[in-house]
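Given next are the chains, with one letter for each unit.
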Amino acid sequence: MRKAKYLMPVLLAASVAIGGTGCMLHRGAPPRELTLYFHPFVGPEPLIFNDARYPNPGGEGRFKVRDFQFFLSNIRLVGASGAYAEVDSYHLVRFDGAEPGFAIVLRDVPRRDYQRIEFGIGVDAAANKSLAQRGDLDPNGRMAWTWEVGYKFVLFEGALVRGDASAALVYHVGFDENYTLVSAELNGDPLDSDTGRLDFRVDILRLFQGAATIDMAALPAVKFDHADAALLARNFAGMITPMESDAVGHTVNRQRAAPHWHRARRTYVASLLGACFVTPYLAEPTAPWAGNEFLPDELRTATSLARLWQRQGKRDAARTLLAPLYAWFTEGFDTRDLKDAKALLAEL
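Basis of the calculations
Residue positions are counted from 1 within each chain, in the order its sequence is given. Thresholds applied to this predicted model are a pLDDT of at least 70 for local features of residues and 80 or more for the giving and counting of side-chain atom pairs; totals over whole chains, interfaces and linings are not thresholded and use all residues. Based on all heavy atoms of the structure, the side-chain values leave hydrogens and waters out of the count. In this text, buried Ala, Val, Leu, Ile, Met, Phe, Trp, Tyr and Cys residues form a nonpolar core when linked through side-chain atoms within 4.5 Å. Partly exposed residues are those whose accessible area sits between 20% and 50% of the maximum for their type, while under 20% is buried and over 50% is exposed, using a 1.4 Å probe and protein chains only. Strands here mean DSSP runs of E at least two residues long; helices mean DSSP runs of H or I at least four residues long; both are numbered from the N terminus. Only heavy atoms enter the contact rule, under which two residues are in contact if any of them lie within 4.5 Å. A 3.5 Å cut-off defines polar contacts: any pair of N or O atoms within that distance qualifies, except that in protein one atom must be a possible hydrogen donor and the other a possible acceptor, and neighbouring residues in sequence count only when both atoms are side-chain atoms. By definition, the arc is the one covered by directions from the helix axis to the C-beta atoms. Whether two aromatic rings pair depends on their centres lying within 6.5 Å, for rings of Phe, Tyr and Trp, where Trp uses its six-membered ring; planes under 30 degrees apart make the pair stacked, over 60 edge-to-face, and the rest tilted. Criterion for a charge above a ring: Arg CZ or Lys NZ at most 6 Å from the ring centre, at most 35 degrees from the ring normal. Two strands qualify as a pair provided that DSSP identifies no fewer than 2 bridges between them. In the sections that follow, a salt bridge refers to a side-chain nitrogen of Lys or Arg positioned within 4 Å of a carboxyl oxygen of Asp or Glu.

**Concerning the nonpolar core**
1) Next: Leu36, Phe63, Phe68, Ile117, Phe156 and Ile240 are the most contacted members of the largest nonpolar core, which has 82 residues in total.
2) Next: The leading source of residues in this core is strand β4 (residues 62-79), at 8 residues.
3) Next: Not counting chain neighbours up to four residues away, the residues in contact with Ile117 comprise Leu36, Ile75, Arg76, Leu77, Val182, Ser183, Ala184, Leu186, Leu198 and Phe200.

In structure tokens:
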């Protein structure tokens, strides 16, 4: 008993020393780049510009997106041993370029065992009232108000189609009170990963569906009215959500990483593609479908069936089948399978 009495403090001191040494080794690692990659979606479907394919969340009709961009600012990484804050952290996120998403590269990020990432949607009050050019802030640019000093935090322009009628949609949301801070827990330190990358899903539909559900026909434009702008801004926090990589390197929604999502996905695909030839394959315990992989085979099969349904005039059914499967993939967009699926979705 007496030996144990003296042994415990020794073990405790040793564990502290070892832990401290590990921490010092981590701190001694060189700084590294960290890429934040944003993938655009509208609900379960990937964003396709200028196509009236997305349902009005609060009423009748379908809407199309002509332009969508927003400011993301004040990026911080927070850990137990300290925090990192990007200097002049003002980024205009947009998806009209050649790439399928938008990347922000943080350079020379120190190693501090980060546990959380924080950022703002919009522009903080101090920068919003300034004419200084910092990051992507441009007081003479399109995202700047022309009637006062300040910026549009989120810009959405498009149209709502109901029958043969088409009405313009213009949502320019700004004002200091609508600046929204977002915080997300990290699943491990991203600087310790092979890719040095964090992926985020940007769901444009959540701008109109969340804390408040917007009928685009009843509210087709938001610009100057503070109450209308606040209505959309209440949905900002749900617009951007983390994604994470599975065992084979594909990036998926964090909430879809759970096993029940994969079981639901397999059941969904089996019901649509036909149990006669899919079910025996799914029943194999070692089948790739039984794991977390998102294989090209299921996308390729769904694309073929969707193309058949398109020729048969079943456009809605084809879109319902293909869009959710395409949405599972967030990389590899230069492969033939994903290019074929995207091209077909654009036709549906």
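**Brief notes about unusual backbone geometry**
1) Next: One non-glycine residue with positive phi stands out, namely Asn50, at about 60 degrees.
2) Next: When its relative accessible area of 52% is taken as the criterion, Asn50 is described as exposed.

**Quick look at the side chain of Gln69**
1) Next: Tracing the backbone shows Gln69 in strand β4.
2) Next: For Gln69, a relative accessible area of 2% translates into the label buried.
3) Next: In this structure the side chain of Gln69 is engaged in a polar contact, spanning 3.1 Å, whose partner is the side chain of Asp67.
4) Next: Once residues lying within four places of it in the same chain are set aside, the contact partners of Gln69 are Leu92, Val93, Arg94, Arg142, Met143, Phe153, Val154 and Leu155.

**A few points about helix α3 (residues 226-233)**
1) Next: Looking at α3, one finds that the buried residues are Ala229, Leu232 and Ala233. Considered in projection along α3, the buried side chains sweep an arc of 100 degrees and stay on one side of the axis.
2) Next: Those residues of α3 hidden inside the fold are in contact with β10 (165-174), β11 (180-185) and β13 (221-222).
3) Next: Its side-chain oxygen placed 3.0 Å from the backbone nitrogen of Ala227, Asp225 serves as the N-cap of α3.

**A closer look at the side chain of Asp67**
1) Next: Relative to the elements of secondary structure, Asp67 occurs in strand β4.
2) Next: Those residues in contact with Asp67 that sit more than four places away from it in its chain are Phe49, Arg142, Leu155, Phe156 and Glu157.

**Notes on the packing of aromatic side chains**
1) Next: Across all of its chains, the model carries 15 aromatic pairs by this definition.
2) Next: Seen in terms of ring centroids, Phe156 and Tyr171 are 5.7 Å apart; in terms of plane orientation they differ by 55 degrees. Their pairing is tilted. You can see Phe156 sitting in strand β9 (residues 152-162) and its partner Tyr171 sitting in strand β10, a full 15 residues away along the chain. Here Phe156 matches Tyr171 in class, with each residue buried.
3) Next: Put simply, the rings of Tyr54, Phe63, Phe156, Tyr171 and Phe208 touch in pairs and so form one group of aromatic residues.
4) Next: Arg197 extends its terminal NZ or CZ atom over the ring of Tyr37, reaching a point 4.5 Å from the ring centre.
5) Next: Lying across the ring of Phe41, Arg201 places its NZ or CZ 4.0 Å from the centre.

**Quick word on the environment of Phe224**
1) Next: Looking at where Phe224 falls in the secondary structure, it is placed in the loop between β13 and α3.
2) Next: Accessibility expressed as a relative area gives 51% for Phe224, which makes it exposed.
3) Next: Placed 77 residues apart in sequence, Phe224 and Trp147 show a C-alpha to C-alpha distance of 9.8 Å.
4) Next: Beyond its immediate sequence surroundings of up to four residues, Phe224 is in contact with Trp147 and Phe175.

**Some remarks on the pairing of strand β6 (residues 90-94)**
1) Next: Burial runs high along β6: 4 of the 5 residues are buried.
2) Next: Sheet topology places β4 next to β6; 5 bridges connect them, and they run antiparallel. For Ser73, the partnering residue across the bridge sits in β6 and is Tyr90.

**Observations concerning the pattern of salt bridges**
Opposite charge on two side chains lets them pair, provided their charged atoms get close.
1) Next: Across all of its chains, the model carries 13 salt bridges by this definition.
2) Next: A salt bridge links Glu33 to Arg107, with the nearest nitrogen and oxygen atoms 2.5 Å apart. Of the two residues, Glu33 is situated in strand β1 (residues 32-42) and Arg107 in strand β7 (residues 102-109); the sequence distance between them amounts to 74 residues.
3) Next: Close ionic contact of Arg111 with Asp192 constitutes a salt bridge, the shortest N to O distance being 2.9 Å. Here Arg111 is found in the loop between β7 and β8 (114-121), whereas its partner Asp192 is found in the loop between β11 and β12 (197-203), with 81 residues between them in sequence.
4) Next: Its relative accessible area of 14% is what places Arg111 among the buried residues.
5) Next: Several salt bridges share partner residues, and in doing so they unite Arg66, Asp67, Arg142 and Glu157 into one network.

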